[in-house]
Amino acid sequence: MERTASCRERPSVTECFDCLTDAYRCFLMGSCPSQDAADVAGVIFSGVCGLVPGENRECAPAEDCHENSWELTCISVTLVEKMTCLISQSQPPEVTAYCAEILGVLFQDMDLISQLVRQFQTEDQIISHLAAKSVSTCVVYHLHKSATVSPVWQQKCVQAFNSSPPGTELDACLWSLTEVLKRLIKAAHQEIIGKLLAAFDSSLSALCSKFLPDERKEVAKCLVDFTSSKHWETTFCLLLDLLEALTASSLICGAGLKCQRLTHIHSSALLTTVSFSSEYFIKKRALLLLKRAVLQKTGEDWALGEVLSTGLKYEYFGSDMNMLSQTVLSAVVANWLQSVQVESASFFGGTRLVQGDEGQKPDSVILRAVSLLLLKSMELHIQTTGTTGADSAIDVYGYLERLWGFLRRCSVQLMEVTHLCCWVSLLFGEQDDDMMEAAKASLSIFLHHRLCSGLDDFTVLEAACASGCNPHCHFMLLLQSVSFDHSILLDFLISTETCFLEYFVRYLKYLRADWQGFTAACERVSTSDYKESLTCPCDVDMSALTYKGEPDQVELSSCVQPTGVIPPMERIGVVAGLRLVEYDSSDESNPEDIVISEDEPAASLYEKRGCTALDVKQETSGQPVFTGQQQCESFDSAGSLSEPNSTLERRTEGLSLPVLQSKQKPCTNMAPLSGQVTRETLARAVLCLSELREVVTRLQTKKLFPYNPSSLLKLLGQVENFSHQSHLSQFNK
């Protein structure tokens, strides 16, 4: 009787809704509700407890149906999160004090955190997730305020990690810990991160051992067992998200705990997951986690770039990366690539299986991830072991042959490629950051092979072309893909989106020692494109058109781009959203020469972009020019040497006239143009580098460049000198 009487004194659901919605609207407008703080706290508490499992509902009012009770719980939990966020933001003092009073009553007097944590185990996934969001916000607030971890939340998560099967409770705990960790990483709270992870170190290790056992057979059996649960896909994806956050935490505060190294420790099990998981999106998520780990880019989608670019190398960093690379290479030797499933590329309507010869594109995300994972593992293996000798060279190209076989098996487009070095541009053309990583890794692999093979440069380059890793070809194809536009290279140099600076400096150092190889690559690339043009119909192919100047002006590109390379107008978007970065951590660059200018105002970024657009003005000329340090000389197709010209001129027409004339001539009559195409390609490449040197010099003089490019300018000047000397020697002959 007493309980019935107390129940009748409870406010109705309608009154509770009115109270909570009024409070929410007032908070949005920056004002305090009219209700007393204790009354609002009581309504919130009763709403949060409305769906606690096992509670007796017999005395509930008639209008308090299940649906209304569910909605009341949702708004109550959401309001708790809102108030916790408000007291951490800049709000009117009276609003902050009002929220703090309500939260004080809820957490200190009513122990609301225990009720919220109990909601983790409810079968309603929405309630469980909202409770996890609210608890995460509260945990972060208390960590910032007192640097203490909520004991109720910690106990619930540890218990779930040690014993809970896949389900809403484990999902809520995984998501909550991941969210708390992400917020701390964004704020770069190193000490708090260490204290938080220390509380979960052993339980997280036990959880990963359960989901990702060491033995391959156990992993396959584990995946089969989990498929019996309808929640296992969600749970496994949440575990992968947590592993990425844990790995990202090691980049800013070191990896003093085992849980921060779980991605590397269980890399073999993750590779097995890619092979045996029945769900394609699980395979994809696991593969992307490994790719980001090997690139040291975990958390790049949600963390601030400045936070993750600290360059911190923890005690076990070298051994962990070596473990990861060795695991990948061992798996490749064991035919892991044969078990990697690649479906058709997704689109807005979803995905569908390829039937027959429909010509659908494969999932390039998977192809790029597999390629980068193997290339970077080879690069790390070379750096850590320092293996030399002919056997090492054979091993390196053996891995490349396996990768090339995998790509050709999965992509019809790559199967038709005759010049194997095109694969980097074809596969990575849509992702500049991945393309630069692939080019840099390929350059490291090539230089290692060149050092340990004992072969002459010509033979080494021929072998590199046969394996698709000739650095000269890669660089020429990169220039072709941006239409030899030096302004795009400039944007790469000052952008944080790619590792272009490190790659560019390393390549220029090699280019100084092998100018003949660069010239041969120009001929090889030009000849390859020229042969492709001979197999095309004599009518002009619209796919060879590029837009220059005004949108309604179209002309034929002077260089035939490889099939699949992103056209310049599609790639120009890379210049958007530039940020300045300190590049002096590059191993291949001189840290004394490449540093950020400390006296540069932040607003100068817009001046840089204005300088790039306004100061570098190009004029149309008849033939390309070769440019030295102090002068430039033009060498036309007839072999005549023009007078020096101090002004760099961009050639915008190229071979447009001869190619347009080809519409009226048989394709076989284009053969005499082969040599001219080769000279054109070499001339445009050198001109592009010369223009880049001049514009960087001008920006440095005006103190508009974000770092000191002295060593880069020195390399570019040396390349110009080699070009000039080579040109003079050929002319004297």
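Because the structure is predicted, anything quoted here is derived from the model rather than measured.

A. Spotlight on the overall build of the chain. If you tally the helices and strands in the chain, you get 33 helices and four strands. Per-residue burial for the chain yields a buried fraction of 53% across its 733 residues. Of all intrachain contacts in the chain linking residues separated by at least 6 positions in sequence, the fraction that spans at least 24 positions is 76%. Of the accessible surface of the chain, which amounts to about 32,700 Å², a share of 52% is contributed by carbon and sulfur atoms.

B. Here's a closer look at helix H13 (residues 232–253). Helix length check: H13 (22 residues) gives 31 Å between terminal C-alpha atoms against 32 Å at 1.5 Å per residue, within 8%. The buried fraction of H13 amounts to 19 of the 22 residues, a majority that puts the element mostly inside the structure. Gly-254 lies just past H13 and shows a positive phi near 80 degrees.

C. View of the side chain of Lys-283. Tracing the backbone shows Lys-283 in helix H16 (residues 280–295). There is no salt bridge for the buried Lys-283, and the closest opposite charge comes from Glu-343, which lies 8.2 Å off by N-O distance. When near neighbours in sequence (up to four residues on either side) are disregarded, Lys-283 contacts Thr-273, Val-274, Ser-275, Phe-276, Ser-277 and Gln-341.

D. Structural context of the packing of helix H9 (residues 168–187) against H13. At a closest axis distance of 9 Å, the pairing of H9 and H13 adopts a crossing angle of 25 degrees. As summarised for this structure, H9 and H13 are arranged roughly parallel, according to the angle between their axes. Like other packed secondary-structure pairs, H9 and H13 cross with a definite hand, here left-handed. Contacts between H9 and H13 involve Leu-170, Asp-171, Leu-174, Trp-175, Leu-177, Thr-178, Leu-181 and Ile-185 from the former and Thr-234, Thr-235, Leu-238, Leu-239, Asp-241, Leu-242, Ala-245, Leu-246, Ala-248, Ser-249 and Ile-252 from the latter. Classifying every residue of the contact of H9 with H13 gives 13 nonpolar, four polar and two charged.

E. Molecular detail of the packing of helix H8 (residues 151–163) against H9. At their nearest, the axes of H8 and H9 sit 9 Å apart, and the two run at 125 degrees to each other. For the element pair H8 / H9, the angle class is oblique. Of the two possible hands of crossing, H8 and H9 adopt the one that is left-handed. For the pair H8 and H9, the contacting residues are Trp-153, Lys-156, Cys-157, Ala-160 and Phe-161 in the first and Glu-169, Leu-170, Cys-173, Leu-174, Ser-176, Leu-177 and Val-180 in the second. Looking at the contact of H8 with H9 residue by residue, the classes come out as nine nonpolar, one polar and two charged.

F. Just the nonpolar core, in detail. The biggest cluster of nonpolar side chains holds 195 residues, and the ones touching the most others in it are Trp-153 and Trp-336. In terms of residues, this core owes the most to one element, H13, which gives 12 residues.

G. A look at the pattern of salt bridges. Per the counting criterion, the structure on display carries 16 salt bridges. For Glu-437, the salt bridge is made with Lys-376, and the minimal N-O distance between the two is 3.6 Å. With Glu-437 in helix H23 (residues 432–453) and Lys-376 in helix H19 (residues 364–385), this pair connects stretches of sequence that are 61 residues apart. Across the pair, exposure class does not vary: Glu-437 and Lys-376 are buried alike. Residue Arg-524 pairs with Glu-462 through a salt bridge whose shortest N-O separation is 3.1 Å. Placement of the pair is Arg-524 in helix H28 (residues 515–534) and Glu-462 in helix H24 (residues 457–467), with a sequence separation of 62 residues. Residue Arg-524 is classed as partly exposed on the basis of its relative accessible area of 22%. Each of the salt bridges in this network shares a partner with another, and the network as a whole consists of Lys-297, Lys-376, Glu-379, Glu-437, Lys-440 and Glu-502.

Thresholds, definitions, all that
- The written sequence of each chain sets the order in which its residues are numbered from 1.
- Where totals are concerned, whole chains, interfaces and linings use all residues; where local detail is concerned, this predicted model gives features only for residues with pLDDT of at least 70, and gives and counts side-chain atom pairs only at 80 or more.
- To obtain the side-chain values, all non-hydrogen atoms of the structure were included, while hydrogens and water were left out.
- A run of H or I in DSSP counts as a helix once it spans at least four residues, and a run of E counts as a strand once it spans at least two, with each numbered from the N terminus.
- Type-normalised accessible area, obtained with a 1.4 Å probe on protein chains alone, sets the label of each residue: buried when under 20%, exposed when over 50%, and partly exposed for intermediate values.
- Whether two residues are in contact is decided by their heavy atoms: any pair within 4.5 Å suffices.
- For every accessible area listed, the method is Shrake-Rupley and the probe measures 1.4 Å; residues are considered covered only by the protein chains on display.
- Multiply 1.5 Å by the residue count of a helix minus one, and that product is the helix's expected span.
- Positive charges are assigned to Lys and Arg, negative charges to Asp and Glu, while His and the chain termini are left out of the count.
- Just to be clear on terms, a salt bridge is a Lys or Arg side-chain nitrogen sitting within 4 Å of an Asp or Glu carboxyl oxygen.
- Working convention: axes come from line fits to C-alpha atoms, limited for helices to the stretch in contact. Angles between N-to-C directions cover 0 to 180 degrees.
- Any angle that falls under 35 degrees is termed roughly parallel, while one over 145 is termed roughly antiparallel, one within 65 to 115 roughly perpendicular, and all others oblique.
- The sense of a crossing depends on the near helix, which, turned anticlockwise from the far helix by less than a right angle, makes the crossing left-handed and, turned clockwise, makes it right-handed.
- Under the scheme applied, nonpolar residues are Ala, Val, Leu, Ile, Met, Phe, Trp, Tyr, Cys and Pro; charged residues are Asp, Glu, Lys and Arg; polar residues are all the others, including Gly.
- In plain words, nonpolar cores are sets of buried Ala, Val, Leu, Ile, Met, Phe, Trp, Tyr and Cys residues tied together by side-chain atoms within 4.5 Å.

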